[in-house]
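Inside the fold
Each chain, written out:
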Amino acid sequence: MNKVNYDREMEAVLARLAAEDRRPRLLLHSCCGPCSSAVLERLAPHFALTVFFCNPNIFPQDEYRHRLAEQTRLLAELPFEVALLEDPYDHAAFLSAVRGLEREPEGGARCDPCFRLRMERAARAAADGGFDFFTTTLSVSPHKDAQLLGAIGQELGARFGVAYLPSDFKKKEGYKRSVALAKQYALYRQDYCGCEFSQNHDESKG
């Protein structure tokens, strides 16, 4: 199967919006403050943005609260306005979604249901809130599969009747920019993806 160039597809959407002189509402699922930083910077000229903080995978809850606090602080300090919508913390839903996959390696089969859980909640929230688009920051990470995320997003967009913004935010040095912005805003950068099954990994994976 040929890979989809999701960055090119997003640029086509942005060009169309510019030609139509439109600035639609977009609900952006965010995994954390650092990953959202460069994504928000790129999208802010084109959309009225709301960050959707939905991360039931994060464990323990103190870690979740720390990441949410850093996300909130970043939005308060950005030079443009971004709203915040928090999905209630529900770690039991994550554990149910990945049951039987606990021993899978990081980046393996466990990630698919984790992505789907968070993105499905984002799609539902976008539909319920009357947003024009939804997408996720997850593709900014070099460890996340943009092809998988794009396929999930398109599927959920069709199911919930809200447009998924195709994206691969690691392109155009997006990840490098997120690291620079995390330093600029002195953001906490976690050293594991969030769930207890990857907590011993050395490298942050968003």
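None of these values were measured; they are calculated from a predicted model.

Structural notes on the confidence of the model for the chain
- For the chain, per-residue confidence averages 94 on the pLDDT scale, and 96% of positions sit at 70 or higher.
- Within the model, the stretch residues 201–206 combines pLDDT values under 50 with 20 contacts to residues more than four positions away or in other chains.

Quick word on helix H6 (residues 146–160)
- With 15 residues, H6 extends 21 Å between its outermost C-alpha atoms, agreeing within 8% with the 21 Å of an ideal straight helix rising 1.5 Å per residue.
- Turning to H6, its buried residues are Ala146, Leu149, Gly150, Ile152, Gly153, Leu156 and Gly157. An end-on view of H6 places all buried positions within 165° of arc, on one side of the element.
- On its buried face, H6 is in contact with helix H1 (6–20), helix H5 (111–128), strand S4 (133–136) and strand S5 (163–164).

So, the sheet that holds S4
- Spatial ordering of the open sheet is given by S3-S2-S1-S4-S5, a layout of five strands whose pairing is parallel. Looking at the sheet topology across the chains shown, the edges are occupied by strand S3 (83–86) and S5.
- Strand contacts of helix H2 (residues 33–43): strand S1 (25–30) and strand S2 (48–53), with the helix running at about 170° to S1, the strand carrying the most contacts.
- Across the face of the sheet, helix H3 (residues 61–77) comes into contact with S1, S2 and S3 while running at roughly 165° to S3.

Observations regarding the pairing of S4
- Residues of S4 alternate between two faces, with Phe133 and Thr135 on one and Phe134 and Thr136 on the opposite face, all of them buried.
- Strand direction decides the pairing type here: S1 and S4, joined by four bridges, are parallel. Residue pairing in the sheet places Leu27 in a bridge with Phe134 of S4.
- One ladder, built from two bridges, connects S4 with S5; its direction is parallel. Within the sheet, the bridge partner assigned to Phe133 lies in S5 and is Ala163.

Section: H2
- In terms of residue burial, H2 counts as a mostly covered element, since ten of its eleven residues are buried.
- Among the residues of H2, those classed as buried are Gly33, Pro34, Cys35, Ser36, Ser37, Ala38, Val39, Leu40, Arg42 and Leu43.

Regarding the packing of aromatic side chains
- One pass over the full model with this rule turns up five aromatic pairs.
- Look at Phe47 and Phe133: their rings are 5.5 Å apart centre to centre, the planes differ by 75°, and that puts the pair in the edge-to-face class. Of the two residues, Phe47 sits in the loop between H2 and S2 while Phe133 sits in strand S4, which places them 86 residues apart along the sequence.
- Residue class for Phe47 comes out buried when judged on its relative accessible area of 1%.
- With centroids separated by 4.6 Å and ring planes inclined at 45°, the aromatic side chains of Tyr64 and Tyr89 adopt a geometry described as tilted. Here the residue Tyr64 occupies a position in helix H3, and Tyr89 occupies one in the loop between S3 and helix H4 (91–97), the gap between them amounting to 25 residues.
- Under the relative-accessibility criterion, Tyr64 is labelled buried at 3%.
- In this structure Tyr89 comes out as partly exposed when scored by relative accessible area, which is 22%.
- What links up through ring pairs into an aromatic cluster is the set Phe53, Tyr64 and Tyr89.
- Positioned above the aromatic ring of Phe131 is the side chain of Arg25, whose terminal nitrogen or guanidinium carbon lies 3.9 Å from the ring centre.
- Here the guanidinium or amino end of Arg67 rests over the ring plane of Tyr192, the centre of that ring lying 5.2 Å away.

The rules behind the values
Residues numbered from 1 in each chain as written. Predicted model: local features only at pLDDT ≥ 70, side-chain atom pairs only at ≥ 80, totals over all residues. Heavy atoms only, no water. pLDDT = per-residue confidence, 0-100. Contact = heavy atoms within 4.5 Å. Helix = DSSP H or I, 4+ residues; strand = E, 2+ residues; numbered from the N terminus. Expected span 1.5 Å × (residues − 1). Buried < 20%, exposed > 50% of the residue type's maximum accessible area, 1.4 Å probe, protein only. Arc of directions from axis to C-beta. Pairing = 2+ DSSP bridges. Axes fitted to C-alpha atoms, helices over the stretch in contact; angles between N-to-C directions. Phe/Tyr/Trp six-rings, centres within 6.5 Å; stacked < 30°, edge-to-face > 60°. Lys NZ or Arg CZ within 6 Å of the ring centre and 35° of its normal.

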